[in-house]
Every structure is written in C-alpha cells, then in structure tokens.
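Chain by chain, the residues:
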Amino acid sequence: KATIAQYNAESLLTQREKVSKEIREGIVARASQFNILMDDVSITHLTYGKEFAKAIEEKQVAEQEAERQKFIVAKAEQGR
C-alpha cells in the first residue's frame, strides 16, 4: 500500500514495471525480517473505473495522433 500510494493512477499504468520492482523490494525486505525468502512477487490485477481507463486511452490516442502529425509536417518540409 505504501508504494502504490506514492503514484497516481496513470503512473501505475505507465510505470508498472517500476512500481512492481519497488513493491517486490519492499516485500522481500520485510519478509527477510521473518526469515522468509521470497522468490518473486507479481502484480496480477489492477482495476480502474471505466471513465478513467477511457480517459487514458483517449490521451494515448491524442499523443499518437500528435506524433503522426509531426511526422507528416517533417516529411512535407523535406519534400520542399
């Protein structure tokens, strides 16, 4: 909980590997205090509201479209 609380919902999606690593390190350290050896820890299920998931998808689509437009402009400028 402490690790996840450090991130907003969008960051949890975009930085999943980093968050997973921090959680794993925290759990492994805590477990070692009790002489428990952890081999691996996985985040298996994150859920968000439909509206939030839709907003993230729309943002990603908009960013991709902006990159596409930059490419088109750059290509047109090269053709001059």
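Above this text is the structure in question.
(A) Examining the overall build of the protein chain more closely. Scanning the protein chain for helices and strands turns up 3 helices and 0 strands. In sequence order, the secondary structure elements of the protein chain are arranged as α-α-α. The C-alpha radius of gyration computed for the protein chain amounts to 20 Å, which surpasses the reference 12 Å derived for 80 residues by more than 25%, pointing to a less compact arrangement than a globule. The dimensions of the protein chain, computed from C-alpha atoms along their principal axes, are 70 × 30 × 20 Å. Here the protein chain holds 80 residues, and 12% of them are scored as buried. Taking as baseline every contact in the protein chain between residues at least 6 positions apart, the subset at least 24 positions apart corresponds to 39%.

(B) The pattern of salt bridges, seen in detail. In total, this model carries 4 salt bridges according to the counting rule given. Its salt-bridge partner being Glu58, residue Lys54 comes within 3.9 Å of it at the nearest N-O pair. Here Lys54 and its partner Glu58 are both found in helix 3 (residues 50-78), 4 residues apart, which amounts to about one turn of the helix. Assessed through its relative accessible area of 48%, Glu58 is described here as partly exposed.

(C) Representation of the nonpolar core in the model. One finds Tyr7, Leu12, Val19, Ile23 and Val41 forming the largest nonpolar core, which totals 5 residues. Excluding its chain neighbours within four sequence positions, the residues that come into contact with Val41 are Ser20, Ile23, Arg24 and Ile27.

(D) Geometry of helix 2 (residues 16-32). An ideal rise of 1.5 Å per residue puts 24 Å on 17 residues; helix 2 measures up with 24 Å between its terminal C-alpha atoms. Within helix 2 the residues assigned to the buried category are Val19, Ser20, Ile23 and Ala31. For helix 2, the buried positions fall inside an angular range of 100° around the axis, keeping them on one side. The elements touched by buried residues of helix 2 are helix 1 (9-14).

(E) Expanded view of the side chain of Ser20. Here Ser20 lies in helix 2. By relative accessible area, which is 11% here, Ser20 ends up buried. Aside from chain neighbours lying at most four places away, what touches Ser20 is Val41 and Ile43.

(F) View of the environment of Ile4. Along the chain, the position of Ile4 falls in the segment before helix 1. A relative accessible area of 34% means that Ile4 is categorised as partly exposed. When neighbours within four sequence positions are excluded, Ile4 is seen to be in contact with Leu12, Val19 and Ile23.

Definitions and limits used
- Residues numbered from 1 in each chain as written.
- Predicted model: local features only at pLDDT ≥ 70, side-chain atom pairs only at ≥ 80, totals over all residues.
- Heavy atoms only, no water.
- Helix = DSSP H or I, 4+ residues; strand = E, 2+ residues; numbered from the N terminus.
- Rg over C-alpha atoms; globule rule 2.2 N^0.38 Å.
- Buried < 20%, exposed > 50% of the residue type's maximum accessible area, 1.4 Å probe, protein only.
- Contact = heavy atoms within 4.5 Å.
- Salt bridge = Lys/Arg side-chain N within 4 Å of Asp/Glu carboxyl O.
- Core = buried A, V, L, I, M, F, W, Y, C linked by side-chain atoms within 4.5 Å.
- Expected span 1.5 Å × (residues − 1).
- Arc of directions from axis to C-beta.

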